[in-house]
Amino acid sequence: MTSSLSGLHCVVTGGAGGIGRAVTELLLARGAKVSALGRSQDKLDALMADNKDTDLAAIACDVRSEESVQAAFASARKRFGPIAVLVNNAGVGIPTPDLATTDVSAFDAMFETNVRGSFLCGREAFADMKSGGSGHIINLVSMAGHKTNPGAPLYCASKFGQRGYNSGLADQALAAGIRVSEVSPGAVDSDYWGDREVPRQKFLQTKQVAEVVLWVLEQPAGVNIHDVRLEALAMFKK
């Protein structure tokens, strides 16, 4: 059966690694045209090498920079036309267990990527969608945007901020026939954890999160999923 995403131009930020790469590859499998944005040229090159003969554009972009975002979206439009779907996945998380000694650079890194980046990319896509009268924006948030964590309070703050942006965007977009959703996973087995000792075997897998994103995108026309929260059952087993 043909997917409702077939032939649509979808932009995925942070699209060359982790959840973003899994979303990118599932979209390609559904027949979508995908512009995957990312900061790592090595990851972008690897993504292209592994997905030859598909409608994929891998575009360098730093979502913190207005100029970089504008250039990347212009390149994406030149390749595949107006944007029908945006998956705002790019994000940064830094542990800040002692706010009394936390450097302001940690604050800046998370808010510039998680909040400013969502706004800059969302603005580009929203403009296209308003012109076309339809579209879907999904912001990848986190369970950290619903409940604070003493080990990462600034990351939580940035995700609460991203949720506030998402809600405000939805207030404007839904009236224009544009769907806006957020997907908030719990702990995911990804590069976010670095070399920290954590029980990765209990975490969600990137493809599991990506499948939920695709489920949201493939809802029937006229149906909007506002908020999906997901966690791995293994996290609750003793």
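Residues numbered from 1 in each chain as written. Predicted model: local features only at pLDDT ≥ 70, side-chain atom pairs only at ≥ 80, totals over all residues. Heavy atoms only, no water.

Caption draft 1: Molecular detail of the overall build of the protein. Along the backbone of the protein there are six helices and seven strands. If you list the helices and strands of the protein from N to C, you get β-α-β-α-β-α-β-α-β-α-β-α-β. Here the C-alpha atoms of the protein give a radius of gyration of 17 Å, agreeing with the 18 Å that 2.2 N^0.38 yields for 238 residues. Projected onto its principal axes, the C-alpha coordinates of the protein cover approximately 45 × 35 × 35 Å. (Helix = DSSP H or I, 4+ residues; strand = E, 2+ residues; numbered from the N terminus. Rg over C-alpha atoms; globule rule 2.2 N^0.38 Å.)

Caption draft 2: Structural context of the pattern of salt bridges. The full count for this structure, using the stated rule, is ten salt bridges. Between Glu124 and Arg77 there is a salt bridge, and its shortest N-O distance comes to 3.0 Å. Placement of the pair is Glu124 in helix H4 (residues 104-132) and Arg77 in helix H3 (residues 66-80), with a sequence separation of 47 residues. Looking at Glu124, the relative accessible area reads 13%, which means it is buried. One salt bridge connects Arg229 with Asp227, and the closest N-O pair in it is separated by 3.3 Å. Residue Arg229 is classed as exposed on the basis of its relative accessible area of 51%. Each of Arg21, Glu25 and Asp50 takes part in one network of salt bridges that share partners. (Salt bridge = Lys/Arg side-chain N within 4 Å of Asp/Glu carboxyl O. Buried < 20%, exposed > 50% of the residue type's maximum accessible area, 1.4 Å probe, protein only.)

Caption draft 3: Representation of the sheet that holds strand E5 (residues 136-140) within the structure. Here seven strands make up an open sheet; going across it, the order is E3-E2-E1-E4-E5-E6-E7 and the pairing parallel. Looking at strand neighbours, the two that pair on one side only are strand E3 (56-60) and strand E7 (227-230), the edges of this open sheet. Across this sheet, the average inter-strand angle for adjacent strands is 15°, counted without regard to direction. Strands in contact with helix H1 (residues 18-29) are strand E1 (9-13), strand E2 (33-38), E3, strand E4 (85-88) and E5; relative to E1, the strand with the most contacts, it is inclined by about 165°. On the sheet, H4 packs against E1, E4 and E5 and is oriented at approximately 175° with respect to E4. (Pairing = 2+ DSSP bridges. Axes fitted to C-alpha atoms, helices over the stretch in contact; angles between N-to-C directions. Contact = heavy atoms within 4.5 Å.)

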